[in-house]
Amino acid sequence: MKFKDQVVWVTGASSGIGEALAKALAGQGAKLILSARRVEELERVRNECGGHNAPLALVPMDVAELDSIPDKVSQALEAFGRIDMVVNNAGISQRSLAMETGIAVDQRLMQVNYFGTVAVTKALLPHLVRQGSGRIVSVTSVVGKFGTPYRSAYAASKHAVHGFMEALRAEIAGTGVKVQLVMPGFIRTQVSVNALTGDGSALGAMDQAQAQGMDPDEAARRILSGIETDALEIYVGGPKERFGLFLKRFFPGRFAKFIASAKVR
Ligand SMILES: NC(=O)c1ccc[n+]([C@@H]2O[C@H](COP(=O)([O-])OP(=O)(O)OC[C@H]3O[C@@H](n4cnc5c(N)ncnc54)[C@H](OP(=O)(O)O)[C@@H]3O)[C@@H](O)[C@H]2O)c1
C-alpha cells in the first residue's frame, strides 16, 4: 500500500492507461487529482473510483493550452494542499508516413506530448522542490527509445520527453524529487483510434497490435510496481517491444534492418 494517502495527479485520466492508473491508485487509498479534456469521461472514471465520497478531485484541462497550465497546476495543488506524484500521461499518437504528414501534425504531436508535459512539469516543479519530495513520472513509449515507421512525429515527441526529463533529473538530483519514465509497448487502449493521420484527422480504428496488446489494468499494476522500486525507466509491454529495446541499444545496425521490415502499422 505504498500509495496510501499519497496525493497523485494523473493527466489523461479519462481513458486507457491513465484511467487504469487512477483505478489502481484509488484501490490503494491514494488521493487523486484527475485531468483530461472530456469532463463526462472524467466523471465516469470518478464514479468507478468510488464516486463523490472518494478523495478525488477533477481538474479538466487541455495540456496543449500551455498558457492555462499554471492556473491548472494551482487548482490541482489546492485540491489537497500538496502533490506527491504527477503522472504526465496525456498524449496522442500518429499513424502516417513522414512523407505524407503535414507539418501541422508534427507540431500538434509536439504540443500535446512534449510541450504539454514540459509545461505541467515546470509549473509544478518549484512546489515539489520546496516540499523536498515528490515524483515526476512521464508516460513516454518504447518509441521514446527508437523510431518506428508511421510514427515519425510521435517518436520525436516521446524522444524529446526523454531528453528533457534526463536533463531535469540531473539538475534536481539531491532535492528529493524523483524523475521516472514509463515506456509502454502495445497496450489495449484507444490510442490508435485517436492517433492522427497525415492530414490531422483521427485514424478512428483500433490497430491489430493494439487490440492484442496488454490489458491496461495489468499495465497499471506493473507501472505502479516500477514506480515503487524507484526505477528510472519502467518498461511495460510484450516481448517483441522489449526485444526492440535490446536490439536498438546493443545492435543499432541490426535494429535498423529489423525495424525497416517490421510490420508495425
Ligand atoms: N496504448 C499504448 O499502446 C501506448 C504505448 C506507448 C505509449 N502510450 C502512451 O500512453 C499515454 C496514454 O495513452 P493511452 O494508450 O491510454 O491512450 P488513450 O486511451 O487514447 O488515452 C489518452 C488520454 O490522453 C488524454 N488527452 C489526449 N489529448 C489531450 C490533451 N490535449 N489534453 C489533455 N488530455 C489529453 C485523453 O483524454 P481526453 O481526450 O479526454 O482529453 C485520454 O485520457 C499516452 O501518452 C500514449 O502516448 C500508449
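What comes next concerns the included structure. Note that the structure is predicted; figures quoted are calculated from it, not measured.

## Some words on the packing of aromatic side chains
What the rule picks out here adds up to seven aromatic pairs. Taking the centre distance of 4.9 Å and the plane angle of 50° together, the rings of Phe146 and Phe255 count as tilted. With Phe146 in the loop between strand E5 (134–139) and helix H5 (152–171) and Phe255 in helix H9 (residues 252–261), the pair connects residues that are 109 residues apart, well separated along the chain. We note that Phe146, like Phe255, is buried. On the basis of an interplanar angle of 90° and a centroid distance of 5.8 Å, the ring pair of Phe243 and Phe258 is categorised as edge-to-face. Of this pair, Phe243 sits in helix H8 (residues 239–250) while Phe258 sits in helix H9, and the two are 15 residues apart along the sequence. Here Phe258 falls in the partly exposed class, since its relative accessible area comes to 31%. Members of the aromatic cluster, each reached through a chain of ring pairs, are Phe146, Phe243, Phe255 and Phe258. One Lys or Arg, Arg254, reaches over the ring of Phe251 and ends 5.2 Å from the middle of that ring.

## Section: the site of the ligand
The full set close to the ligand counts 31 residues, and Ser15, Arg37, Tyr154, Thr189 and Gln210 are the nearest of them. Here an oxygen atom of the ligand and a side-chain polar atom of Ser15 are 2.6 Å apart. Residue Ile187 places a main-chain N or O atom 2.8 Å away from an oxygen atom belonging to the ligand. Within the complex, 97% of the 880 Å² of free accessible area of the ligand lies under protein. At the level of elements, helix H1 (16–27), helix H4 (103–131) and H5 are the ones that each hand at least two residues to the shell around the ligand. Its residues assigned to classes, the shell around the ligand comprises 13 nonpolar, 13 polar and five charged.

## Regarding the nonpolar core
Judged by nonpolar contacts, the single largest core of 48 residues is most densely connected at Trp9, Ile83, Leu124, Ile136, Met165 and Leu168. By residue number, the principal contributor to this core is H4, which donates 11 residues. Beyond its immediate sequence surroundings of up to four residues, Leu124 is in contact with Trp9, Val73, Leu77, Ile83 and Val86. Ranked by size, the runner-up nonpolar core spans 33 residues in total, among them Leu58, Val139, Met214 and Val236.

## Section: helix H2 (residues 39–48)
Those residues of H2 lying buried are Leu42, Val45 and Arg46. The buried residues of H2 occupy one face: seen down the axis, they fall within an arc of 105°. Facing away from the buried side of H2 by more than 90 degrees, the exposed set consists of Glu40 and Asn47. Phi for Gly50, located one or two positions after H2, is positive at around 115°.

## Points about the pairing of strand E2 (residues 31–35)
Here is the key point about a regular strand: its side chains alternate between the two faces of the sheet. Summarising burial for E2: four of the five residues are buried, a large majority. Crossover handedness for the path strand E1 (residues 7–11) to H1 to E2: right-handed. As defined by bridge partners, E2 adjoins strand E3 (residues 56–58) across three bridges and the pair is classed as parallel. Residue pairing across strands places Leu34 opposite Leu58, the latter belonging to E3. This β-α-β element, E2 to H2 to E3, shows right-handed connectivity.

## Quick word on the pairing of E1
Of all five residues in E1, five are buried, a share of seventy percent or more. In E1, alternate side chains face the same way, and those of Val7, Trp9 and Thr11 on one face and Val8 and Val10 on the other are all buried. Where E1 and E2 come together, five bridges link them in parallel fashion. If you follow Val10 over to E2, its bridge partner there is Leu34. Pairing of E1 with strand E4 (residues 85–88) involves three bridges; the strand directions are parallel. By the bridge assignment, Val8 is partnered in E4 with Met85.

What counts, and at which threshold
Residues numbered from 1 in each chain as written. Predicted model: local features only at pLDDT ≥ 70, side-chain atom pairs only at ≥ 80, totals over all residues. Heavy atoms only, no water. Phe/Tyr/Trp six-rings, centres within 6.5 Å; stacked < 30°, edge-to-face > 60°. Helix = DSSP H or I, 4+ residues; strand = E, 2+ residues; numbered from the N terminus. Buried < 20%, exposed > 50% of the residue type's maximum accessible area, 1.4 Å probe, protein only. Lys NZ or Arg CZ within 6 Å of the ring centre and 35° of its normal. Near = heavy atom within 4 Å. Polar contact = N/O pair within 3.5 Å; in protein donor to acceptor, adjacent residues only side chain to side chain. Areas by Shrake-Rupley, 256 points an atom, 1.4 Å probe, with all protein chains shown as cover. Nonpolar A, V, L, I, M, F, W, Y, C, P; charged D, E, K, R; others polar. Core = buried A, V, L, I, M, F, W, Y, C linked by side-chain atoms within 4.5 Å. Contact = heavy atoms within 4.5 Å. Arc of directions from axis to C-beta. Right-handed = clockwise from strand over helix to strand, strands pointing away. Pairing = 2+ DSSP bridges.

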